[in-house]
Amino acid sequence: MTQQRNNFQADPLSVLTDTFGRLHNNLRISITDRCNLRCTYCMPEENVNYLDRAEILSYEEIVKFIRIVSKLGVNKIRLTGGEPLVRQNVHELITQINQIEDVEDLGLTTNGILLESLAEDLYKAGLRRINVSMDTLSEETFKKLTRREGLDKVIAGIKKAQDVGFDPIKINALSIRGITEETLVDLADFSRETGIEVRFIEFMPLDADNEWERDKVFFAAEIIETLSKEIMPLVPVQTEKTSPSTSYEFKDGIGKIGIIASVSRPFCENCNRFRLTADGKLRNCLFSMEETDIKSALRNPQFNEEELLDQIRSSIQSKNAGHAINTAQFIQPDRPMNSIGG
Ligand code: SAM
Ligand code: SF4
(Lines give C-alpha, C1' and ligand atoms only; values in the text may rest on other atoms or scores of the structure.)
(Ligands and ions follow the chains in the order given, each with its own letter.)
Protein backbone atom coordinates (compact mmCIF):
# COMPACT_ATOMS: atom_id res chain seq x y z
CA MET A 1 0.00 0.00 0.00
CA THR A 2 1.69 3.19 -1.18
CA GLN A 3 -0.91 5.66 -0.01
CA GLN A 4 0.60 8.68 1.75
CA ARG A 5 -0.69 10.36 4.88
CA ASN A 6 -1.84 13.89 4.04
CA ASN A 7 -2.97 17.07 5.74
CA PHE A 8 -6.64 17.56 6.49
CA GLN A 9 -8.73 19.12 3.79
CA ALA A 10 -11.88 19.06 5.89
CA ASP A 11 -12.46 20.34 9.42
CA PRO A 12 -11.39 17.34 11.52
CA LEU A 13 -13.73 18.34 14.33
CA SER A 14 -16.91 18.25 12.29
CA VAL A 15 -16.28 15.20 10.07
CA LEU A 16 -14.50 11.90 10.52
CA THR A 17 -11.41 12.11 8.34
CA ASP A 18 -8.43 9.83 8.80
CA THR A 19 -4.78 10.70 8.30
CA PHE A 20 -4.99 9.65 4.63
CA GLY A 21 -7.80 12.13 3.96
CA ARG A 22 -10.50 9.48 3.74
CA LEU A 23 -13.89 10.70 4.93
CA HIS A 24 -15.75 8.15 7.07
CA ASN A 25 -19.53 8.48 6.75
CA ASN A 26 -20.46 4.80 6.61
CA LEU A 27 -21.03 2.83 9.83
CA ARG A 28 -21.84 -0.88 9.94
CA ILE A 29 -23.40 -2.02 13.18
CA SER A 30 -23.49 -5.61 14.31
CA ILE A 31 -26.59 -5.97 16.45
CA THR A 32 -25.89 -9.56 17.52
CA ASP A 33 -23.15 -12.15 17.17
CA ARG A 34 -25.76 -14.94 17.16
CA CYS A 35 -26.72 -16.76 14.01
CA ASN A 36 -29.09 -19.46 12.79
CA LEU A 37 -26.56 -20.71 10.18
CA ARG A 38 -22.97 -21.90 10.57
CA CYS A 39 -21.27 -20.84 7.32
CA THR A 40 -17.87 -22.50 6.98
CA TYR A 41 -16.23 -19.22 5.93
CA CYS A 42 -17.50 -17.37 9.01
CA MET A 43 -18.44 -19.38 12.12
CA PRO A 44 -17.17 -22.54 13.77
CA GLU A 45 -19.36 -25.63 13.47
CA GLU A 46 -19.68 -26.17 17.23
CA ASN A 47 -18.75 -24.67 20.60
CA VAL A 48 -19.69 -21.13 19.65
CA ASN A 49 -18.95 -18.75 22.50
CA TYR A 50 -21.72 -16.22 22.19
CA LEU A 51 -21.56 -12.94 24.06
CA ASP A 52 -23.67 -12.65 27.21
CA ARG A 53 -26.85 -10.67 26.71
CA ALA A 54 -25.67 -7.98 29.15
CA GLU A 55 -22.59 -7.42 26.97
CA ILE A 56 -24.67 -6.56 23.92
CA LEU A 57 -25.59 -2.95 23.25
CA SER A 58 -29.28 -2.26 23.78
CA TYR A 59 -31.31 -0.63 21.00
CA GLU A 60 -31.34 2.53 23.11
CA GLU A 61 -27.52 2.54 23.26
CA ILE A 62 -27.21 1.87 19.52
CA VAL A 63 -29.56 4.75 18.71
CA LYS A 64 -27.72 7.05 21.12
CA PHE A 65 -24.44 6.19 19.38
CA ILE A 66 -25.87 6.79 15.90
CA ARG A 67 -27.22 10.19 16.99
CA ILE A 68 -23.74 11.13 18.18
CA VAL A 69 -21.82 9.96 15.09
CA SER A 70 -24.39 11.54 12.83
CA LYS A 71 -23.09 14.87 14.19
CA LEU A 72 -19.76 13.91 12.58
CA GLY A 73 -21.28 13.44 9.14
CA VAL A 74 -22.03 9.71 9.40
CA ASN A 75 -25.15 9.37 7.26
CA LYS A 76 -25.00 5.76 6.03
CA ILE A 77 -25.87 2.95 8.44
CA ARG A 78 -26.03 -0.78 7.80
CA LEU A 79 -27.30 -3.29 10.34
CA THR A 80 -25.62 -6.64 10.28
CA GLY A 81 -24.41 -9.41 12.57
CA GLY A 82 -24.29 -12.41 13.22
CA GLU A 83 -27.76 -12.66 11.83
CA PRO A 84 -29.56 -9.39 12.58
CA LEU A 85 -33.01 -10.91 12.14
CA VAL A 86 -32.55 -13.33 15.06
CA ARG A 87 -32.58 -10.35 17.41
CA GLN A 88 -36.08 -9.61 18.74
CA ASN A 89 -38.06 -6.72 17.24
CA VAL A 90 -35.45 -5.41 14.81
CA HIS A 91 -38.21 -3.34 13.19
CA GLU A 92 -38.37 -1.24 16.38
CA LEU A 93 -34.69 -0.39 16.00
CA ILE A 94 -35.27 0.49 12.33
CA THR A 95 -38.11 2.84 13.28
CA GLN A 96 -35.91 4.62 15.81
CA ILE A 97 -32.94 4.97 13.43
CA ASN A 98 -35.24 6.35 10.75
CA GLN A 99 -36.19 9.16 13.11
CA ILE A 100 -32.60 10.41 13.17
CA GLU A 101 -32.65 13.29 10.74
CA ASP A 102 -29.08 13.04 9.45
CA VAL A 103 -29.26 9.35 8.55
CA GLU A 104 -29.84 9.33 4.80
CA ASP A 105 -29.28 5.72 4.00
CA LEU A 106 -30.20 2.70 6.13
CA GLY A 107 -29.58 -0.89 5.01
CA LEU A 108 -29.55 -4.38 6.46
CA THR A 109 -27.62 -7.51 5.54
CA THR A 110 -29.32 -10.84 6.30
CA ASN A 111 -28.94 -14.51 5.49
CA GLY A 112 -32.63 -14.44 4.54
CA ILE A 113 -33.78 -17.38 6.67
CA LEU A 114 -36.29 -15.28 8.64
CA LEU A 115 -36.93 -12.70 5.95
CA GLU A 116 -40.22 -14.06 4.64
CA SER A 117 -41.89 -13.64 8.04
CA LEU A 118 -40.28 -10.29 8.90
CA ALA A 119 -40.16 -8.47 5.54
CA GLU A 120 -43.46 -6.64 6.00
CA ASP A 121 -42.63 -5.34 9.48
CA LEU A 122 -39.19 -4.21 8.32
CA TYR A 123 -40.67 -2.39 5.33
CA LYS A 124 -43.36 -0.73 7.45
CA ALA A 125 -40.63 0.43 9.84
CA GLY A 126 -39.03 2.26 6.89
CA LEU A 127 -36.29 -0.12 5.72
CA ARG A 128 -35.89 -0.13 1.93
CA ARG A 129 -32.35 -1.36 1.25
CA ILE A 130 -31.63 -5.02 1.90
CA ASN A 131 -28.78 -7.39 1.05
CA VAL A 132 -29.47 -11.10 1.23
CA SER A 133 -26.58 -13.53 1.38
CA MET A 134 -27.09 -16.53 -0.89
CA ASP A 135 -23.98 -18.26 -2.21
CA THR A 136 -25.65 -20.96 -4.29
CA LEU A 137 -28.93 -22.17 -5.76
CA SER A 138 -28.12 -25.80 -4.99
CA GLU A 139 -29.64 -27.16 -1.76
CA GLU A 140 -26.75 -29.60 -1.45
CA THR A 141 -24.09 -26.90 -1.72
CA PHE A 142 -26.11 -24.67 0.61
CA LYS A 143 -26.04 -27.42 3.26
CA LYS A 144 -22.32 -27.94 2.77
CA LEU A 145 -21.60 -24.22 3.14
CA THR A 146 -24.00 -23.28 5.92
CA ARG A 147 -24.11 -26.64 7.78
CA ARG A 148 -27.88 -26.12 7.94
CA GLU A 149 -30.93 -26.49 5.71
CA GLY A 150 -33.03 -23.63 4.41
CA LEU A 151 -32.21 -22.49 0.88
CA ASP A 152 -35.95 -22.61 0.14
CA LYS A 153 -36.56 -20.18 3.01
CA VAL A 154 -33.91 -17.79 1.67
CA ILE A 155 -35.45 -17.84 -1.80
CA ALA A 156 -38.95 -17.33 -0.32
CA GLY A 157 -37.54 -14.41 1.72
CA ILE A 158 -36.09 -12.75 -1.39
CA LYS A 159 -39.39 -13.19 -3.24
CA LYS A 160 -41.31 -11.72 -0.30
CA ALA A 161 -38.90 -8.76 -0.11
CA GLN A 162 -39.56 -8.08 -3.80
CA ASP A 163 -43.33 -8.36 -3.34
CA VAL A 164 -43.31 -6.04 -0.34
CA GLY A 165 -41.39 -3.42 -2.35
CA PHE A 166 -37.79 -3.46 -1.08
CA ASP A 167 -35.51 -1.60 -3.46
CA PRO A 168 -32.65 -2.11 -3.89
CA ILE A 169 -32.36 -5.79 -3.05
CA LYS A 170 -28.89 -7.23 -3.59
CA ILE A 171 -27.64 -10.79 -3.28
CA ASN A 172 -24.23 -11.38 -1.66
CA ALA A 173 -22.48 -14.55 -2.80
CA LEU A 174 -19.10 -15.62 -1.42
CA SER A 175 -16.59 -16.48 -4.11
CA ILE A 176 -14.81 -19.66 -3.06
CA ARG A 177 -12.78 -21.94 -5.31
CA GLY A 178 -14.42 -25.33 -5.70
CA ILE A 179 -17.88 -23.90 -4.99
CA THR A 180 -18.35 -20.79 -7.08
CA GLU A 181 -17.34 -22.36 -10.41
CA GLU A 182 -20.40 -24.62 -10.23
CA THR A 183 -22.90 -22.06 -9.01
CA LEU A 184 -21.79 -18.87 -10.77
CA VAL A 185 -23.86 -19.21 -13.93
CA ASP A 186 -27.01 -20.19 -11.99
CA LEU A 187 -26.67 -17.10 -9.82
CA ALA A 188 -26.08 -14.87 -12.85
CA ASP A 189 -29.19 -16.36 -14.46
CA PHE A 190 -31.05 -15.62 -11.22
CA SER A 191 -30.07 -11.98 -11.65
CA ARG A 192 -31.19 -12.02 -15.28
CA GLU A 193 -34.55 -13.51 -14.29
CA THR A 194 -35.30 -11.35 -11.25
CA GLY A 195 -33.48 -8.10 -12.04
CA ILE A 196 -31.73 -8.34 -8.66
CA GLU A 197 -27.98 -7.54 -8.60
CA VAL A 198 -25.83 -10.49 -7.55
CA ARG A 199 -22.55 -9.43 -5.94
CA PHE A 200 -19.70 -11.90 -5.69
CA ILE A 201 -17.41 -11.31 -2.71
CA GLU A 202 -13.92 -12.76 -2.70
CA PHE A 203 -13.51 -15.04 0.34
CA MET A 204 -11.45 -13.16 2.98
CA PRO A 205 -9.38 -14.47 5.91
CA LEU A 206 -12.05 -13.89 8.55
CA ASP A 207 -13.23 -17.46 9.12
CA ALA A 208 -13.43 -18.77 12.68
CA ASP A 209 -11.74 -22.01 11.61
CA ASN A 210 -8.67 -20.15 10.32
CA GLU A 211 -8.65 -22.20 7.15
CA TRP A 212 -8.45 -19.37 4.62
CA GLU A 213 -5.76 -19.70 1.99
CA ARG A 214 -5.24 -17.56 -1.07
CA ASP A 215 -5.78 -20.62 -3.26
CA LYS A 216 -9.31 -20.95 -1.86
CA VAL A 217 -10.41 -17.64 -3.39
CA PHE A 218 -12.15 -17.72 -6.76
CA PHE A 219 -10.92 -14.38 -8.06
CA ALA A 220 -12.77 -11.48 -9.70
CA ALA A 221 -10.96 -11.94 -13.02
CA GLU A 222 -12.04 -15.60 -13.11
CA ILE A 223 -15.66 -14.65 -12.40
CA ILE A 224 -15.70 -12.16 -15.27
CA GLU A 225 -13.99 -14.57 -17.63
CA THR A 226 -16.36 -17.45 -16.83
CA LEU A 227 -19.55 -15.40 -17.08
CA SER A 228 -18.42 -13.71 -20.30
CA LYS A 229 -17.74 -17.12 -21.82
CA GLU A 230 -20.76 -18.99 -20.45
CA ILE A 231 -23.40 -16.28 -20.85
CA MET A 232 -22.14 -13.22 -22.77
CA PRO A 233 -19.65 -10.36 -22.30
CA LEU A 234 -20.00 -8.16 -19.22
CA VAL A 235 -19.80 -4.40 -19.55
CA PRO A 236 -18.66 -2.24 -16.57
CA VAL A 237 -21.21 0.27 -15.27
CA GLN A 238 -20.53 3.43 -13.29
CA THR A 239 -20.33 2.88 -9.50
CA GLU A 240 -19.81 5.26 -6.58
CA LYS A 241 -16.12 5.88 -5.85
CA THR A 242 -16.52 4.66 -2.27
CA SER A 243 -18.38 1.48 -3.20
CA PRO A 244 -16.25 -1.64 -2.71
CA SER A 245 -18.19 -3.28 -5.52
CA THR A 246 -17.50 -2.92 -9.23
CA SER A 247 -20.71 -3.38 -11.18
CA TYR A 248 -21.23 -4.94 -14.60
CA GLU A 249 -24.16 -5.55 -16.90
CA PHE A 250 -24.45 -8.24 -19.51
CA LYS A 251 -24.10 -6.86 -23.00
CA ASP A 252 -27.84 -7.30 -23.67
CA GLY A 253 -28.60 -5.12 -20.60
CA ILE A 254 -30.27 -7.97 -18.70
CA GLY A 255 -28.87 -8.92 -15.30
CA LYS A 256 -26.47 -7.05 -13.06
CA ILE A 257 -23.30 -8.47 -11.51
CA GLY A 258 -21.24 -6.83 -8.77
CA ILE A 259 -17.77 -7.92 -7.76
CA ILE A 260 -16.14 -7.16 -4.43
CA ALA A 261 -12.52 -8.03 -5.07
CA SER A 262 -11.28 -7.51 -1.51
CA VAL A 263 -8.30 -9.81 -2.02
CA SER A 264 -7.24 -9.38 -5.65
CA ARG A 265 -8.10 -5.64 -5.96
CA PRO A 266 -8.32 -4.13 -2.47
CA PHE A 267 -10.42 -0.97 -2.33
CA CYS A 268 -8.84 0.40 0.88
CA GLU A 269 -7.79 3.62 -0.85
CA ASN A 270 -11.41 4.79 -1.02
CA CYS A 271 -12.68 3.17 2.17
CA ASN A 272 -15.30 5.21 4.04
CA ARG A 273 -16.35 2.51 6.52
CA PHE A 274 -16.00 1.72 10.15
CA ARG A 275 -17.73 -0.79 12.38
CA LEU A 276 -19.42 -1.15 15.73
CA THR A 277 -19.47 -4.67 17.18
CA ALA A 278 -22.45 -6.04 19.09
CA ASP A 279 -20.53 -5.62 22.35
CA GLY A 280 -19.80 -1.96 21.70
CA LYS A 281 -16.28 -1.99 20.25
CA LEU A 282 -15.41 0.41 17.48
CA ARG A 283 -13.23 -1.06 14.69
CA ASN A 284 -11.78 1.20 12.00
CA CYS A 285 -11.21 -1.73 9.62
CA LEU A 286 -12.43 -5.32 9.17
CA PHE A 287 -8.83 -6.42 9.67
CA SER A 288 -7.99 -4.12 12.54
CA MET A 289 -6.06 -5.63 15.46
CA GLU A 290 -7.25 -2.86 17.78
CA GLU A 291 -10.67 -1.84 19.04
CA THR A 292 -12.01 1.14 20.94
CA ASP A 293 -14.40 0.33 23.78
CA ILE A 294 -17.27 2.78 23.50
CA LYS A 295 -19.76 0.74 25.54
CA SER A 296 -18.14 1.87 28.78
CA ALA A 297 -18.52 5.49 27.71
CA LEU A 298 -22.16 4.97 26.68
CA ARG A 299 -22.97 3.24 29.98
CA ASN A 300 -21.08 5.65 32.19
CA PRO A 301 -23.56 7.44 34.53
CA GLN A 302 -21.36 10.55 34.05
CA PHE A 303 -21.68 10.24 30.27
CA ASN A 304 -19.61 12.86 28.50
CA GLU A 305 -20.42 13.32 24.82
CA GLU A 306 -17.23 15.28 24.03
CA GLU A 307 -15.08 12.46 25.42
CA LEU A 308 -16.93 9.92 23.31
CA LEU A 309 -16.52 12.09 20.20
CA ASP A 310 -12.77 12.24 20.90
CA GLN A 311 -12.63 8.45 21.22
CA ILE A 312 -14.40 8.05 17.87
CA ARG A 313 -12.09 10.57 16.17
CA SER A 314 -8.96 8.93 17.48
CA SER A 315 -10.15 5.48 16.40
CA ILE A 316 -10.51 6.78 12.83
CA GLN A 317 -7.22 8.67 13.07
CA SER A 318 -5.37 5.45 13.85
CA LYS A 319 -6.67 3.67 10.75
CA ASN A 320 -3.99 2.05 8.59
CA ALA A 321 -3.65 2.69 4.88
CA GLY A 322 -5.01 -0.73 4.04
CA HIS A 323 -5.19 -4.39 4.91
CA ALA A 324 -2.15 -6.58 4.48
CA ILE A 325 -3.82 -9.77 3.18
CA ASN A 326 -1.47 -9.91 0.25
CA THR A 327 1.70 -9.63 2.34
CA ALA A 328 3.70 -11.97 4.56
CA GLN A 329 2.99 -9.62 7.51
CA PHE A 330 -0.75 -10.35 7.46
CA ILE A 331 -2.22 -11.51 10.77
CA GLN A 332 -5.80 -12.71 10.85
CA PRO A 333 -7.89 -10.88 13.49
CA ASP A 334 -9.02 -12.91 16.51
CA ARG A 335 -12.65 -12.05 15.87
CA PRO A 336 -14.36 -14.03 13.08
CA MET A 337 -16.77 -12.32 10.69
CA ASN A 338 -19.94 -13.09 12.72
CA SER A 339 -18.43 -11.33 15.70
CA ILE A 340 -17.11 -8.29 13.81
CA GLY A 341 -20.18 -7.75 11.66
CA GLY A 342 -19.73 -8.18 7.91
N1 SAM B 1 -25.74 -13.12 8.74
C2 SAM B 1 -25.86 -12.11 7.76
C3 SAM B 1 -25.50 -12.61 6.40
O4 SAM B 1 -24.91 -13.69 6.29
O5 SAM B 1 -25.79 -11.89 5.44
C6 SAM B 1 -25.08 -10.85 8.09
C7 SAM B 1 -23.71 -11.03 8.65
S8 SAM B 1 -22.53 -11.77 7.54
C9 SAM B 1 -21.09 -11.78 8.53
C10 SAM B 1 -22.31 -10.41 6.40
C11 SAM B 1 -21.64 -10.77 5.10
O12 SAM B 1 -20.31 -11.18 5.36
C13 SAM B 1 -22.31 -11.92 4.35
O14 SAM B 1 -22.65 -11.51 3.06
C15 SAM B 1 -21.26 -12.98 4.32
O16 SAM B 1 -21.31 -13.73 3.14
C17 SAM B 1 -19.98 -12.18 4.43
N18 SAM B 1 -18.85 -12.96 4.92
C19 SAM B 1 -18.82 -13.79 5.97
N20 SAM B 1 -17.61 -14.36 6.10
C21 SAM B 1 -16.84 -13.86 5.10
C22 SAM B 1 -15.50 -14.06 4.69
N23 SAM B 1 -14.68 -14.88 5.34
N24 SAM B 1 -15.05 -13.39 3.60
C25 SAM B 1 -15.87 -12.54 2.94
N26 SAM B 1 -17.15 -12.29 3.29
C27 SAM B 1 -17.64 -12.96 4.34
FE1 SF4 C 1 -24.26 -16.46 10.01
FE2 SF4 C 1 -23.95 -14.61 8.14
FE3 SF4 C 1 -21.80 -15.75 9.31
FE4 SF4 C 1 -23.30 -17.20 7.67
S5 SF4 C 1 -22.12 -15.36 7.13
S6 SF4 C 1 -22.58 -17.82 9.70
S7 SF4 C 1 -25.29 -16.40 8.03
S8 SF4 C 1 -23.27 -14.46 10.29
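Quick note: structure is the one above.
The rules behind the values
Residues numbered from 1 in each chain as written. Chains lettered and ligands numbered in written order. Predicted model: local features only at pLDDT ≥ 70, side-chain atom pairs only at ≥ 80, totals over all residues. Heavy atoms only, no water. Pairing = 2+ DSSP bridges. Helix = DSSP H or I, 4+ residues; strand = E, 2+ residues; numbered from the N terminus. Contact = heavy atoms within 4.5 Å. Axes fitted to C-alpha atoms, helices over the stretch in contact; angles between N-to-C directions. Salt bridge = Lys/Arg side-chain N within 4 Å of Asp/Glu carboxyl O. Buried < 20%, exposed > 50% of the residue type's maximum accessible area, 1.4 Å probe, protein only. Core = buried A, V, L, I, M, F, W, Y, C linked by side-chain atoms within 4.5 Å. Near = heavy atom within 4 Å. Polar contact = N/O pair within 3.5 Å; in protein donor to acceptor, adjacent residues only side chain to side chain. Areas by Shrake-Rupley, 256 points an atom, 1.4 Å probe, with all protein chains shown as cover. Nonpolar A, V, L, I, M, F, W, Y, C, P; charged D, E, K, R; others polar.

(A) Examining the sheet that holds strand E10 (residues 273-276) more closely. What the 12 strands build is an open sheet, ordered E7-E8-E9-E6-E5-E4-E3-E2-E1-E10-E11-E12; its pairing is mixed. A single partner strand is all that each edge strand has here, and the edge strands are strand E7 (234-237) and strand E12 (292-293). By the bridge criterion, 4 bridges tie strand E1 (residues 26-30) to E10 in an arrangement that is parallel. When the sheet's bridge partners are listed, Ile29 is paired in E10 with Leu276. Where helix H1 (residues 59-70) meets the sheet, its contacts fall on E1, strand E2 (76-80), E10 and strand E11 (281-283), and the angle it forms with E1 comes to roughly 170°.

(B) Representation of the environment of Ile31 in the model. Among the structural elements, Ile31 can be located in the loop between E1 and H1. Expressed as a C-alpha distance, the spacing of Ile31 and Leu184, which sit 153 residues apart in the sequence, is 30 Å. Apart from residues no more than four positions distant in its own chain, Ile31 is found in contact with Ile56, Ile62, Leu79, Thr80, Pro84, Arg87, Val90, Leu93 and Ala278.

(C) The arrangement of the pattern of salt bridges in detail. A full pass over the atoms with the stated rule returns 15 salt bridges. The partner of Glu240 in a salt bridge is Lys76, with the nearest N and O atoms 3.4 Å apart. In this pair, Glu240 sits in the loop between E7 and strand E8 (245-250) while Lys76 sits in strand E2, placing the two residues 164 residues apart along the sequence. Here Arg313 makes a salt bridge to Asp310, at a shortest N to O gap of 2.9 Å. Pair noted here: Arg313 and Asp310 are both in helix H9 (residues 305-317), with a separation of 3 residues, about one helical turn. Asp310 sits in the partly exposed class, given a relative accessible area of 43%.

(D) Structural detail: the nonpolar core. Membership of the largest hydrophobic core comes to 97 residues, with the highest contact counts inside it found for Phe65 and Leu79. Looking at this core, the element that brings in the most residues is H1, giving 7 residues. Not counting the four nearest positions on each side in its chain, Phe65 is found in contact with Leu27, Leu276, Leu282, Ile294, Leu298, Leu308 and Ile312.

(E) Examining the site of ligand 1 more closely. Looking at ligand 1, there are 18 residues lining it, with Tyr41, Gly82, Ser133, Leu174 and Met204 nearest. At 2.9 Å, a backbone N or O of Gly82 approaches a nitrogen atom of ligand 1. At a separation of 2.5 Å, an oxygen atom of ligand 1 approaches a polar side-chain atom of Ser133. Expressed as a share of its isolated accessible area of 540 Å², the protein-covered part of ligand 1 is 95%. For the shell around ligand 1, a count of residues per class yields 7 nonpolar, 9 polar and 2 charged.

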